[in-house]
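Inside the fold
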Amino acid sequence: MRLIEDAERRGRLARRHALAPQCRVADALAAARAMTVLHATEPATPYLSLFARIDSFTRADLEDALFGPRSLVKQLAMRRTLFVVPRELLPAAVSSASARVARQEYGRLVTDLERGQVTADGASWLATARKAVLARLADGAELSATQLREDLAELAGQVSWYEHKPYGAVLHVAPRVLAWLSATGDLVRGRNAGHWRITRPRWTRMDDWLGAPVSRCEVSEGYAELVAGYLRTFGPVTERDLVWWFGATKGTMRQALSDLNAVQVRLEREQTGWVLPDDTDPEPPVEPWAALLPALDPTALGWKDRDFYLAPDFYPAIFDWSGNCGTTAWWDGRIVGAYVQDDAGRVELIVARDPGPAGRAALQAEAGRLEGWLDGEKVAALYKSPVVTWDR
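These lines cover the structure that appears in this document, whether it is placed above or below. All of these numbers come straight from a predicted model, not from anything done at the bench. (Residues numbered from 1 in each chain as written. Predicted model: local features only at pLDDT ≥ 70, side-chain atom pairs only at ≥ 80, totals over all residues. Heavy atoms only, no water.)

**Digging into the overall build of the protein chain**
The secondary structure content of the protein chain amounts to 16 helices and 14 strands. For 392 residues, the compact-globule estimate of 2.2 N^0.38 gives 21 Å, and the protein chain sits close to it at 21 Å. Dimensions of the protein chain, computed from C-alpha atoms along their principal axes, come out at roughly 65 × 50 × 45 Å. Within the protein chain, the fraction of its 392 residues that count as buried is 54%. Summed over its atoms, the accessible surface of the protein chain is roughly 16,900 Å², and 50% of this surface lies on carbon and sulfur atoms. (Helix = DSSP H or I, 4+ residues; strand = E, 2+ residues; numbered from the N terminus. Rg over C-alpha atoms; globule rule 2.2 N^0.38 Å. Buried < 20%, exposed > 50% of the residue type's maximum accessible area, 1.4 Å probe, protein only. Areas by Shrake-Rupley, 256 points an atom, 1.4 Å probe, with all protein chains shown as cover.)

**Remarks on the sheet that holds strand β1 (residues 3–4)**
Here three strands make up an open sheet; going across it, the order is β1-β9-β10 and the pairing mixed. Every interior strand has two partners, whereas the edge strands, β1 and β10 (271–275), have only one. Both β1 and strand β9 (residues 263–267) contribute to a ladder of two bridges, which runs parallel. Bridging from a neighbouring strand, Leu 3 pairs with Arg 266 of β9. (Pairing = 2+ DSSP bridges.)

**Some details on the pairing of β9**
Sheet analysis places β9 next to β10, joined by five bridges and oriented antiparallel. Across the sheet, Arg 266 pairs through a bridge with Thr 272, a residue of β10. Hairpin connection between β9 and β10: a loop of three residues separates the two successive antiparallel strands, and Arg 269 in this loop has a positive phi of roughly 65°.

**As for the sheet that holds strand β2 (residues 38–39)**
Spatially, β2-β4-β3 is the arrangement adopted by the three strands of the open sheet, whose pairing is antiparallel. In this open sheet, the two edge strands, each paired with only one partner strand, are β2 and β3 (72–77). Across six bridges, the pairing between β3 and strand β4 (residues 81–86) is antiparallel. The residue bridging Leu 72 from the neighbouring strand is Pro 86, located in β4.

**Considerations on the side chain of Arg 189**
With respect to the element layout, Arg 189 can be found in strand β7 (residues 187–192). For the buried Arg 189, no salt bridge exists, and the shortest N-O distance to an oppositely charged side chain is 9.3 Å, to Glu 105. Residues in contact with Arg 189, not counting those within four places in the same chain, are Lys 74, Leu 82, Ser 182, Pro 201, Arg 202 and Trp 203. (Lys, Arg positive; Asp, Glu negative; His and termini not counted. Salt bridge = Lys/Arg side-chain N within 4 Å of Asp/Glu carboxyl O. Contact = heavy atoms within 4.5 Å.)

**Digging into the packing of helix α3 (residues 45–53) against helix α4 (residues 59–67)**
Contact pair α3 / α4: the axes reach a minimum separation of 9 Å and the direction vectors enclose 115°. As α3 packs across α4, the resulting crossing turns out to be right-handed. Where α3 approaches α4, its residues Pro 46, Tyr 47 and Leu 50 are matched on the opposing element by Arg 59, Leu 62 and Glu 63. (Axes fitted to C-alpha atoms, helices over the stretch in contact; angles between N-to-C directions. Left-handed = near helix turned anticlockwise from the far one by under 90°.)

**Notes on unusual backbone geometry**
Here the residue pair Gly 235 and Pro 236 is connected by a cis peptide bond, since its omega of 5° sits within 30 degrees of zero. With respect to the helices and strands, Pro 236 occurs in the loop between α11 (219–234) and α12 (239–246). Positive phi, normally seen in glycine, also occurs at Arg 79, with a value near 60°. Following the sequence through the fold, Arg 79 ends up in the loop between β3 and β4. Its identity as a non-glycine residue notwithstanding, Gln 117 has a phi of 60°, on the positive side. Within the secondary structure, Gln 117 sits in the loop between α6 (97–115) and α7 (122–136). Judged by relative accessible area, which is 72%, Gln 117 ranks as exposed.

**Description of the pattern of salt bridges**
A full pass over the atoms with the stated rule returns 29 salt bridges. Close ionic contact of Glu 283 with Arg 16 constitutes a salt bridge, the shortest N to O distance being 2.3 Å. Taken together, the positions of Glu 283 in the loop between β10 and β11 (290–293) and Arg 16 in helix α1 (residues 6–16) put the pair 267 residues apart, joining distant regions of the chain. Since its relative accessible area comes to 22%, Glu 283 is described here as partly exposed. The class for Arg 16 is buried, based on a relative accessible area of 15%. Among the ionic pairs, Asp 112 bridges to Arg 176, the shortest N-O distance being 2.8 Å. With a gap of 64 residues between them, Asp 112 in helix α6 and Arg 176 in helix α9 (residues 174–184) connect regions that are remote in the sequence. The same class applies to Asp 112 as to Arg 176, namely buried. Linked by salt bridges that have partners in common, Arg 2, Glu 8, Arg 12, Arg 15, Arg 16, Asp 279 and Glu 283 make up one network.

**Concerning the environment of Lys 250**
By the element assignment, Lys 250 lies in helix α13 (residues 250–259). The sequence separation of Lys 250 and Arg 240 amounts to 10 residues, and the corresponding C-alpha distance is 8.4 Å.

The following block contains the structure:
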């Protein structure tokens, strides 16, 4: 097996993730395709992820792609995470990773509805609620979760969410029903009633939004297509990476690798990785580069085995106990710190691993570029890299 060393993996990351300045792409669709999908759990993340990969990106560019030709679509998929997905990848996602999430959400909803005494028959309740929601949103209507709950008696009810946890609460069940219907491909998040840093989606029917129902395929075909995109963007990857990214079983991932005729390669630290069969040729190095990425950017989260771009002893500075990360600062393919904004909106670097004079200068240039684009607007991310809260 060919050895793909860490340095080459970092070069692949720079090119394929469009992060090195000379590798940036032209528009939002090209960047989303380069990454296969973009994280969208944090409302500002897809905007900032695209800014990092496009020289002349504006906020309107993403909104046009989402709400104009709808070449990009927000979809609940792997690990119950919200993604921005290229439209052509939607059938594969809905048929595989999203379908898995939908089954899990359905089971939890049935249990919670019955345990919370909203109904004695959770399955029938959900069938009635689904029918009512789809009827109310007929003919292209776009309504918020609150509007739907107020309009439809079929969505009435409250259930405990994360019971016995410090952050648990009793909440309306309507948003969870809508999330389930988005995972099934019945609904989609339409136009945002808030601004780009706040998510207040109006829900609408997917078939109306796209002009036709989402086509479906076999589960194995869907996973094969998604895994092919993931390998093209992130390969080489370990089996552990695959299982982490897709939130799926080893058996499902092994089947997808087999269907793709994926090729094994050797990695450092005596690991085995996988690449697509036409992706085994060596790649030349990339000139050193700097990037500032937002919370939950897919580059930082895309692997579970992260030693090739994150020093093991620096891991607790970037990822929290649940495996999520906030902002990250990159120099030449490695995470060296994070960034925050001060009260005036200025971008402040927190570089805990000194990248040297060239790295410091390049990161400062990226901070200035980002600060100019934000133009005083502050992004309040839920997820924060632990290093930003330490005594610096």
